[in-house]
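Observations on chain architecture
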Amino acid sequence: MVSSTPVPRVRPRRLRETPALRRLVSETRLHPAELVLPIFVREGVSAPVPIGSMPGVVQHSLASLPDAVEQAAAAGVGGVMLFGVPEVRDARGSGATDPDGILNVATSVAAEASAGRLVVQTDLCLDEFTDHGHCGVLDERGRVDNDATLERYTSMALAQARAGSELLGLSGMMDGQVAAVREALDDAGRHETAILAYSAKYASAYYGPFREAVESTLEGDRRTYQLDPGNRREGLREAMIDIDEGADVVMVKPAGSYLDVLADVAAASEVPVWAYQVSGEYSMIEAAAAHGWIDRKRAVIESVRGIRRAGADAVLTYWAVELAEWIRNGDAA
């Protein structure tokens, strides 16, 4: 009996038949150099301190930091992004501009350990250093003062550049921050110091574990300066403004819930576009894997590949070193 079912002429499954074929036609590949490892460095500790809500991630001491940088460099990771956790905070975030402050000292330590093998980057924001936990200085009514904050950011930029940061991560979401920092750097002869603008940084619930990691003292929220999670066009607009002001790289944060914004920015941008896979994204996968609900390795790889597929040229992720080793061993196909 002859079947009346038509025989498919087009068979896309042919290219999925074997691992070798799938690898050959893969549209999105991962490479260690496209990964950036966020590192927390805490003042006043002699050994790494585990972060409860981020299994496997620690607050490093200045003594343990060189080994963390060495591990990242050996794995082929493209860069490290440093965050400082100071012992003392005040209303103006004075520790952020102190040459002996934890972040600036850590930058010098990391730059020496790196010896040019990866890019040492620094978070340029006041939230880790203020006693109120906001990303800027407050006015007499308790609101974040945009323009007064820009003055603090320019001082931070010069301090971080002097300490050895090659790429300043402007994450405070103040209007005009890229232009102000670029002008300050250029006026000081720091033309070679690059700017990474956290352009589309959303007021997200996924930052919870990060706030434990930096021991945030935040009261209230950051909705007057971070973007509304419902706004897609605004994310692209912010990125275009930052590019016009001189950003060398722009970023979307968080990554996983904002892939549409990431794709929009990647399609329009003339500079590299990065994305930050934030603490909450990390912790959710780790928690689900710890309960046996998902395959941890596959979920990690799929999550980062999805961010790359959406248009990110590089991804900040707490799995950077582990993922880089999987890639190098051929385990991330």
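Heads up: the structure comes first, above all this text.
Since we're looking at a predicted model, the values are computed, not measured.

So, about the packing of aromatic side chains. Using the criterion set out here, one finds nine aromatic pairs in the structure. A network of ring pairs unites the aromatic residues Phe40, Phe83, Tyr198, Phe210, Tyr276, Tyr282, Tyr318 and Trp319 as a single cluster. Note that Lys253 overlies the ring of Tyr207, its terminal NZ or CZ placed 5.3 Å from the centroid. The residue whose ring lies beneath Lys253 is Phe210, and the NZ or CZ to ring-centre distance is 5.5 Å.

Here we take up the nonpolar core. Phe40, Tyr153, Trp274, Tyr276 and Leu323 are the most contacted members of the largest nonpolar core, which has 103 residues in total. Contacts of Phe40, omitting those with residues within four sequence positions, involve Ile51, Val57, Val58, Gln59, His60, Phe83, Phe210, Ala213, Val214 and Tyr318.

Turning next to the packing of helix α7 (residues 233-245) against helix α8 (residues 259-268). Across the interface, α7 lies against α8 with an axial gap of 9 Å and an inter-helix angle of 35 degrees. For the element pair α7 and α8, the recorded crossing hand is right-handed. Taking contact as the criterion, the partners of Gly235, Leu236, Ala239 and Met240 in α7 are, on α8, Val261, Asp264, Val265 and Ala268. Classifying every residue of the contact of α7 with α8 by side-chain character gives six nonpolar, one polar and one charged.

This paragraph deals with the packing of helix α2 (residues 65-75) against helix α11 (residues 320-328). At their nearest, the axes of α2 and α11 sit 9 Å apart, and the two run at 25 degrees to each other. With respect to each other, α2 and α11 are oriented roughly parallel. In this structure, α2 crosses over α11, and the sense of that crossing is left-handed. Taking contact as the criterion, the partners of Gln71, Ala72, Ala74 and Ala75 in α2 are, on α11, Val321, Ala324, Glu325 and Arg328.

A few words now on helix α10 (residues 296-309). Between the first and last C-alpha of α10 there are 20 Å, a value that for 14 residues agrees with the 20 Å anticipated at 1.5 Å per step. Those residues of α10 that sit buried are Ala299, Val300, Ile301, Ser303, Val304, Gly306, Ile307 and Arg308. Those residues of α10 that are buried are in contact with β1 (35-42), α8, β9 (273-276), α9 (279-290), β10 (314-316) and α11. Just beyond α10, the residue with positive phi is Gly311, at close to 130 degrees.

Moving on, we come to α2. For α2, every residue scored as buried is listed here: Leu65, Ala68, Val69, Ala72, Ala73 and Ala75. Angular distribution of buried residues about the axis of α2 spans 165 degrees; they occupy a single face of the element. One or two steps after α2, the chain reaches Gly76, where phi turns positive at roughly 85 degrees.

Further remarks concern the side chain of Ser114. Relative to the helices and strands, Ser114 resides in helix α3 (residues 102-114). Classification of Ser114 by relative accessible area gives buried; the value is 1%. A polar contact is formed between the side chain of Ser114 and the backbone oxygen of Leu118, at a distance of 3.0 Å. When sequence neighbours within four positions are dropped, the list of residues in contact with Ser114 reads Val69 and Val120.

Another point: unusual backbone geometry. Glycine aside, negative phi is the norm for most residues, and most peptide bonds take the trans geometry. A cis geometry characterises the amide bond from Lys253 onward to Pro254, with omega recorded as -10 degrees. By secondary structure assignment, the location of Pro254 is in the loop between β8 (249-253) and α8. Although it is not a glycine, Met173 adopts a positive phi angle of roughly 60 degrees. Positioned with a positive phi, Glu215 is a non-glycine residue whose angle comes to about 55 degrees. With respect to the secondary-structure elements, Glu215 resides in the loop between α6 (208-213) and α7. Residue classification places Glu215 among the partly exposed positions, given a relative accessible area of 32%.

Cut-offs used in this document
- Residues numbered from 1 in each chain as written.
- Predicted model: local features only at pLDDT ≥ 70, side-chain atom pairs only at ≥ 80, totals over all residues.
- Heavy atoms only, no water.
- Phe/Tyr/Trp six-rings, centres within 6.5 Å; stacked < 30°, edge-to-face > 60°.
- Lys NZ or Arg CZ within 6 Å of the ring centre and 35° of its normal.
- Core = buried A, V, L, I, M, F, W, Y, C linked by side-chain atoms within 4.5 Å.
- Buried < 20%, exposed > 50% of the residue type's maximum accessible area, 1.4 Å probe, protein only.
- Contact = heavy atoms within 4.5 Å.
- Axes fitted to C-alpha atoms, helices over the stretch in contact; angles between N-to-C directions.
- Helix = DSSP H or I, 4+ residues; strand = E, 2+ residues; numbered from the N terminus.
- Left-handed = near helix turned anticlockwise from the far one by under 90°.
- Nonpolar A, V, L, I, M, F, W, Y, C, P; charged D, E, K, R; others polar.
- Parallel < 35°, antiparallel > 145°, perpendicular 65-115°, else oblique.
- Expected span 1.5 Å × (residues − 1).
- Arc of directions from axis to C-beta.
- Polar contact = N/O pair within 3.5 Å; in protein donor to acceptor, adjacent residues only side chain to side chain.

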